[in-house]
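# Report on the structure
The chain contents come next:
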Amino acid sequence: MMQSSSITQQSEQSYSFHLPTRIEFGFGKASILGGHLAAMGVKQAFIVSDQGVVSAGLLSNINASLQEAGISSELYLEVEPDPSFKTIDRGADCFRKSHCDVLIAVGGGSVMDTAKGIRIVAQHGQSIGDYAGVERIKSGSVIPLVAVPTTSGTGSEVTIFGVYSDWENQVKVTVNSRYMAPTLAIVDPELTLGLPKKITASTGIDALAHGIETYFSRRASPATDALATEAIATIGSSLRAAVENGHDKAARTRMSHGSLLAGMAFNNGLLGLAHAIGSALSGHCHVPHGIAIGLLLPHVIEFNAGENVQKAANIANLLGIHNGSSSSLAAQAAEAVAQLVSDIGLPTRLRDVDVSEHQLGVIALDSFKSGMMKWNPKQPSEAEVLELLKKIY
């Protein structure tokens, strides 16, 4: 049985918890979006999405809902994975010219982050890269933003973060501001039905990492622990089924819920080593984010387990492992996640995603540029990060 000692020990702590986004969760919620927008006084919507979403027919019910509410729309599809500064700035220019009065993001993390960035640049000017860092946006936006996720992974629909690619310097940067959070999140598991196995696996393991890294985080609180542990248990018991059968409604609903909870958790508790290294890995080698996290997560759990044995043991419990002492369970937590990564068909070696051994040194060095590194429970040296990468190679 999972021990509650970590919660008990923190129960006397004071903490802050902020969630500025209104959430609507459930099957069919996307088909009533028009009613929500009409109540907000919206007349014309700027929809940010991508060609994959369009091809899958996921905009059909949304467009019908907008039309029924008398809301016209304009579609912006120039979104690539790991969106660049230029993509955001170009999108902001298109939004200004459109005279639309709401932004709607329909897609995965890249789409939602693109819409977040467009909103900031359209309101405040400059380039999205000028806002990289913590709280560099000084005021909110008059432009409402509605996030409609079509994957279960990033949690971007409720977070204050946007991640963007500075390809000139081969780095990914994060804009961290309370003013980045969407106004409204429509989380409709129906939109995830039939999502391809590879995308389900890579986004799902990212969501699991959000729960695990938040649980380990130096900024963890009783509130984030409650959300993170529920997310870990929900995703851990659902991800294999969702990958195996993309039309499993129960598994898809649990994945959407688990991803949402994990997003709410890390929005306040923040992340750690896996995401810090993953950012550098994606920046230098263009490894998709979820793939990078899947490669790193088991090894990061192993690295952190000794720092908080009870939490590591609790993670094992949450993933269905209950036999053994706390130290034994802590060791099994990393093994359980490694087995899950393998079971859902994600790569387990850096060489399998075309990372060259000579790149490991610069990846290790640049991982320390990430602000997430300082929230990891055990602070690594550059040599330790390099050793971890070599172990995965």
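Before any of the text, the structure's been laid out above.
Residues numbered from 1 in each chain as written. Predicted model: local features only at pLDDT ≥ 70, side-chain atom pairs only at ≥ 80, totals over all residues. Heavy atoms only, no water.

### A look at the sheet that holds strand β5 (residues 133-134)
Which entries qualify depends on this criterion: When DSSP finds two or more bridges between a pair of strands, those strands are recorded as paired. In this text, helices come from DSSP runs of H or I with a minimum length of four residues, and strands from runs of E with a minimum of two, each type numbered from the N-terminal end.
Taken in spatial order, the 3 strands make up an open sheet running β5-β8-β7, and their pairing is mixed. Each edge of the sheet is formed by a strand with only one pairing partner; in this case those strands are β5 and β7 (161-166).

### Observations regarding empty space enclosed by the protein
Cut-off, in case you're wondering: Residues are called lining when one of their atoms sits within 4 Å of a cavity or pocket point, these points coming from a 1 Å grid over the protein atoms alone, where a cavity is a set in which a 1.4 Å probe fits but cannot get out and a pocket is an open set with protein on both sides within 12 Å along at least five of seven lines. Grid points are joined across faces, edges and corners, and a volume is the space filled by probe spheres set on the points. Classification convention: Asp, Glu, Lys, Arg as charged; Ala, Val, Leu, Ile, Met, Phe, Trp, Tyr, Cys, Pro as nonpolar; all other residues, Gly among them, as polar.
Counted by the stated rule, this structure contains 3 cavities of 30 Å³ or more. Put simply, the largest cavity is a space of about 70 Å³. Lining the largest cavity are 13 residues, and of these Pro149, Thr151, Ser152, Val187 and Ser256 lie nearest its centre. For the lining of the largest cavity, the class distribution of residues is 3 nonpolar, 8 polar and 2 charged. By volume, the second largest cavity is sized at about 50 Å³.

### With respect to the nonpolar core
Rule in force here: Among buried residues, the Ala, Val, Leu, Ile, Met, Phe, Trp, Tyr and Cys ones that are joined through side-chain atoms within 4.5 Å form a nonpolar core. Burial status follows relative accessibility: with a 1.4 Å probe on protein chains alone, a residue under 20% of its type maximum counts as buried, one over 50% as exposed, and anything between as partly exposed. What makes two residues a contact is simply this: any of their non-hydrogen atoms within 4.5 Å.
If you look at the biggest cluster of nonpolar residues, it comprises 72 residues, and the most contacted ones within it are Ile212, Leu350, Val355 and Leu389. The element that contributes the greatest number of residues to this core is helix α12 (residues 289-305), accounting for 10 residues. Contacts of Leu350, omitting those with residues within four sequence positions, involve Leu281, Leu295, Val355, Leu360, Leu389, Ile392 and Tyr393. Core analysis: the second largest hydrophobic core is formed by 30 residues, Met112, Tyr131, Ile137 and Ala147 among them.

### Quick notes on the sheet that holds strand β4 (residues 102-107)
Cut-off, in case you're wondering: To get an axis, fit a line to the C-alpha atoms, keeping to the stretch in contact for a helix; angles then go from 0 to 180 degrees between the N-to-C directions.
With parallel pairing, the 6 strands of this open sheet are ordered in space as β1-β9-β6-β4-β2-β3. The open sheet is flanked by β1 (22-25) and β3 (72-76), the only strands paired with a single partner. The sheet shows a mean angle of 20° between the axes of neighbouring strands, direction not considered. Note: strand β2 (residues 44-48) against β4, 4 bridges, orientation parallel. Its bridge partner being in β4, Val48 is matched across the sheet by Ala105. Sheet contacts for helix α4 (residues 60-68): β2, β3, β4 and β6 (145-149); angle to β2, the most-contacted strand, approximately 170°. In the packing of helix α10 (residues 249-269) onto the sheet, contacts are made with β1 and β9 (184-187), and the angle to β1 comes to roughly 170°.

### Structural notes on the environment of Met112
By the element assignment, Met112 lies in helix α6 (residues 109-124). Expressed as a C-alpha distance, the spacing of Met112 and Leu37, which sit 75 residues apart in the sequence, is 18 Å. Sequence-distant contacts of Met112, that is, excluding residues within four places in its chain, are made with Ala105, Gly107, Ala147, Pro149, Thr154, Ser156 and Glu157.

### Some words on the packing of aromatic side chains
For clarity, the threshold we go by: The aromatic pairing rule takes the rings of Phe, Tyr and Trp, using the six-membered ring of Trp, and pairs them if the centres are within 6.5 Å, calling planes under 30 degrees apart stacked, those over 60 edge-to-face and the rest tilted.
Inspection of every chain in the model, using the stated rule, returns 3 aromatic pairs. Centroid distance Phe46 to Phe95: 5.3 Å. Interplanar angle 90°. Geometry classified as edge-to-face. You can see Phe46 sitting in strand β2 and its partner Phe95 sitting in helix α5 (residues 85-98), a full 49 residues away along the chain. In this structure, Phe46 and Phe95 share a single accessibility class: buried.

### Let's talk about helix α13 (residues 309-318)
Where burial is concerned, most of α13 is hidden: 8 out of the 10 residues are buried. Along α13, the residues classified as buried are Lys311, Ala312, Ala313, Asn314, Ile315, Ala316, Asn317 and Leu318. Once α13 finishes, Gly320 follows within two positions and takes phi at roughly 95°, a positive value.

### A few points about the layout of surface pockets
Rolled over the atoms, a probe sized like a water molecule indicates the empty space that remains. The volume enclosed by the second largest pocket comes to roughly 220 Å³. At the level of secondary structure, the elements contributing two or more residues to the lining of the second largest pocket comprise α12 and α14 (326-343). Of the residues in the lining of the second largest pocket, the class split is 8 nonpolar, 3 polar and 3 charged.

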